[in-house]
Amino acid sequence: MIETVVSVGLPVDENLVVKKNRLQPETLSGQERRICIVTGIHGDELEGQYVCYELIRRIEAEKEKLKGIVDIYPAINPLGIDSITRGIPMFDLDMNRIFPGSLTDGALSEYVAARVVEDMDGADMAVDIHASNIYLREIPQVRVNERTARELVPYAKLVNCDYVWVHSASTVLEATLAYSLNSRGVKTLVVEMGVGMRITKEYGNQLIDGIFNLMIELGIWDSKERPAVKEPIISTDHEVGFVNADVSGLFIPCVEHWKDIKKGALLGQIVDPLTGRVEQEVLSPMDGMVFTLREYPIVVSGSLIARVLGGEYHE
C-alpha cells in the first residue's frame, strides 16, 4: 500500500513528495510489530534502492509469512535522487544533519524531516541504509554509537554484515535520523555499504538476507528456515587505522577489499601520469583487514585512501 508521508509545494507548481510502501498482513490484531527500512537520505547513495525493490518483491512473493508491518521508505530526499545530489538541491543542505526537524519553526527541509520522524515514531526497529560516496568502497557494515551499543549490537549481529563499527560518543552527530529515532525508542541501525552512484547487487542481497533474519527475530516474518548470516567482526574506534595520501596523483591499488594485510605492506601506489614516476608508496599502518578502499583514483594530498581494521577483534 503506497502512502504519502509528506507533500510540500515548491515555488513553481511542483511538489516535494516523500512516499512509503506499507506491507502488512490482510488482517491486523493491533499487536503487530513494525520495522522501517529507510534509504535515500543522500541522493547520490543508491545501494538502498535495490534493497527496497528486492525486499518488496520477496515479501510479496510469500505474503502469507508476513506477521507484522514493514514500512519501506526508498527516497527520503527525492529531489537529491532525481538530481544525483548528495544534499537537498536549492537548499545546499545535508538532510542527515537537520533531524528531528520542526513542524512549525523551520524551513521546508526541516518540516519534511519532522514529518518523516513523526511517521516512523513508534516503530520497533529501523534500518537506515547508506552507501559510501563516489570515492570510496565500503564493505557491508553497521555503524553504532557506543552510547547505544549494548542495546543495538545484538541486533547488528543479525543483519548479515561483515563488520560492526562502534563509534565513540564524541563522534556522534545528534542531527541524524538514526540519533533522532534512537532517542525516541525506535531501535535504529545504520548500514553503510558499496559505493556512491552505483548498485552492488552482491552487497544488497547480503543485507536483504540479514533484514529477513532480523524480521524473523522480531516476529515480523514467519519462517522455519532462517537465512545463513555472517558473524560480524565487532570493533571500536581505537582499532581503526586511517590511511591518507601525502601527495597528489593517480592511486593504483594492489590489495583487495576485506583481505588480511600486514603492517608496512603495500596498499597501492600514487603515480604521476605525466612523468611516469611513483610519487608515494601507500603502506598499511597496522596488521589487519582493509574495510574501506579508494574507488575513485584521482587523489590530492589528504585524500582518504583506506581504512584498516586492526587490533584484536572481539565480541
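The written sequence of each chain sets the order in which its residues are numbered from 1. Only residues with pLDDT of at least 70 are given local features in this predicted model, and only at 80 or more are side-chain atom pairs given and counted; all residues enter the totals for whole chains, interfaces and linings. For side-chain calculations, the full set of non-hydrogen atoms in the structure is used, while hydrogens and water are omitted.

Asks: Explanation requested: the pattern of salt bridges in the structure shown.
Replies: For side chains bearing opposite charge, pairing can occur when the charged atoms are close. Salt bridge criterion: a side-chain nitrogen from Lys or Arg within 4 Å of a carboxyl oxygen from Asp or Glu. As enumerated under the stated definition, the model contains 23 salt bridges in all. As a salt-bridge pair, Glu62 and Lys65 come within 2.9 Å of each other at their nearest N and O atoms. A 1.4 Å probe rolled over the protein chains alone gives each residue an accessible area, and that area as a share of the maximum for its type sets the label: buried under 20%, exposed over 50%, partly exposed in between. For Glu62, a relative accessible area of 32% gives the class partly exposed. Among the charged side chains, a salt-bridge network with shared partners connects Glu3, Lys20, Arg22, Arg34, Asp71 and Asp119.

Asks: Sorry, what's going on with empty space enclosed by the protein here?
Replies: To find leftover empty space, a probe the size of one water molecule is rolled over the atoms. Method remark: on a 1 Å grid restricted to protein atoms, a set of points is classed as a cavity if a 1.4 Å probe fits but cannot get out and as a pocket if it is open with protein on both sides within 12 Å along at least five of seven lines; lining residues have an atom within 4 Å of a point. Grid points are joined across faces, edges and corners, and a volume is the space filled by probe spheres set on the points. Counting across every chain of the model gives one cavity of 30 Å³ or more. Approximately 40 Å³ is the volume attributed to the largest cavity. Looking at the largest cavity, the residues that line it are Leu16, Ile76, Asn77, Pro78, Ile88, Met95, Leu108, Ser109 and Val112. Each residue is assigned to one class: nonpolar for Ala, Val, Leu, Ile, Met, Phe, Trp, Tyr, Cys and Pro, charged for Asp, Glu, Lys and Arg, and polar for all the others, Gly among them. Looking at the lining of the largest cavity, its residues break down into seven nonpolar, two polar and no charged.

Asks: Can you help me understand the nonpolar core in this one?
Replies: What tends to happen in soluble globular proteins is that the nonpolar side chains get buried as a cluster. Here, nonpolar core means buried Ala, Val, Leu, Ile, Met, Phe, Trp, Tyr and Cys residues that are tied together by side-chain atoms lying within 4.5 Å of each other. Counting residues in each nonpolar core, the largest one holds 50 residues, and the members touching the most others are Ile35, Val70 and Met215. Considering each element in turn, this core owes the most residues, nine residues, to helix α6 (residues 201-218). Contacts between residues were defined by any pair of non-hydrogen atoms, one from each residue, lying within 4.5 Å. In this structure, Met215 is in contact with Ile35, Leu55, Ile59, Val70, Ile220 and Trp221, ignoring residues within four places of it in sequence. One finds Cys36, Ile41, Val116 and Met120 within the second-largest nonpolar core, a separate group that totals 27 residues. By definition, any uninterrupted DSSP run of H or I lasting at least four residues is a helix, any uninterrupted run of E lasting at least two residues is a strand, and each is numbered from the N terminus.

Asks: Just checking my understanding: could you explain a nonpolar patch on the surface for this structure?
Replies: Here, patches come from residues exposed beyond 30% relative accessible area and free of salt bridges, joined within 9 Å for like charges and within 5 Å for nonpolar side chains (Val, Leu, Ile, Met, Phe, Trp, Tyr). Accessible surface is estimated by sampling points in the Shrake-Rupley manner with a 1.4 Å probe; for residues, cover comes only from the protein chains shown. On the surface, Tyr135, Tyr296 and Ile298 cluster together into a nonpolar patch covering about 280 Å² of accessible area. Positionally, Tyr296 belongs in the loop between β15 (288-294) and β16 (298-299).

Asks: When you look at the sheet that holds strand β13 (residues 266-272) in this model, what are you seeing that I'm missing?
Replies: For sheets, the rule is that strands pair by backbone hydrogen bonds, running either parallel or antiparallel. One open sheet accounts for four strands, arranged β14-β13-β11-β16; its pairing is antiparallel. The outermost strands of the open sheet, each flanked by one partner alone, are β14 (277-283) and β16. The pairing criterion for strands is at least two bridges between them, as found by DSSP. Across four bridges, the pairing between strand β11 (residues 249-253) and β13 is antiparallel. The partner of Leu250 across the bridge, within β13, is Val271.

Asks: Would you mind showing me how to read the pairing of β13 here?
Replies: It is a general feature of regular strands that their side chains alternate between the two faces of the sheet. Both β13 and β14 contribute to a ladder of six bridges, which runs antiparallel. Counted as the bridge partner of Gly268 is Val282 from β14. The loop that links β13 with its antiparallel partner β14 comprises four residues; one of these, Gly276, has a positive phi angle of about 80°.

Asks: I would appreciate a short explanation of the environment of Lys201 in the present structure.
Replies: On the secondary structure map, Lys201 appears in helix α6. The spatial distance from the C-alpha of Lys201 to the C-alpha of Val51 is 8.6 Å, given a sequence separation of 150 residues.

Asks: Sorry, what's going on with the packing of aromatic side chains here?
Replies: The geometry of two aromatic rings is summed up by the distance between their centres and the angle between their planes. Each aromatic pair joins two rings of Phe, Tyr and Trp (for Trp, the six-membered one) with centres within 6.5 Å, and gets the label stacked for planes under 30 degrees apart, edge-to-face for over 60, and tilted for any other angle. Applying the stated criterion to the full structure yields eight aromatic pairs. Note on Tyr163 and Phe291: the rings are 4.7 Å apart at their centroids and 65° apart in plane angle, and the pair reads as edge-to-face. One end of the pair, Tyr163, is in strand β7 (residues 163-167); the other, Phe291, is in strand β15, and 128 residues separate them in sequence. When sorted by exposure, Tyr163 lands in the same class as Phe291, which is buried.

Asks: Help me out: how do you make sense of the layout of surface pockets in this one?
Replies: For the largest pocket, the calculated volume is near 840 Å³. Every residue lining the largest pocket is counted, 36 residues in all, and those nearest its centre are Arg97, Arg143, Leu173, Thr176 and Val190. For the lining of the largest pocket, the elements supplying multiple residues, two or more each, are β5 (125-130), β6 (136-145), β7, α5 (177-183), β8 (187-194) and β17 (304-310). It is β6 that contributes the most residues to the lining of the largest pocket, five residues altogether. Here the lining of the largest pocket is composed, by residue class, of 13 nonpolar, 13 polar and ten charged. By volume, the second largest pocket is sized at about 160 Å³. For the second largest pocket, the full set of lining residues is Arg58, Glu62, Lys65, Asp209, Phe212, Ile216, Trp221, Ser223, Glu225 and Pro227. The dominant element in the lining of the second largest pocket, judged by the number of residues it contributes, is α6, at three residues.

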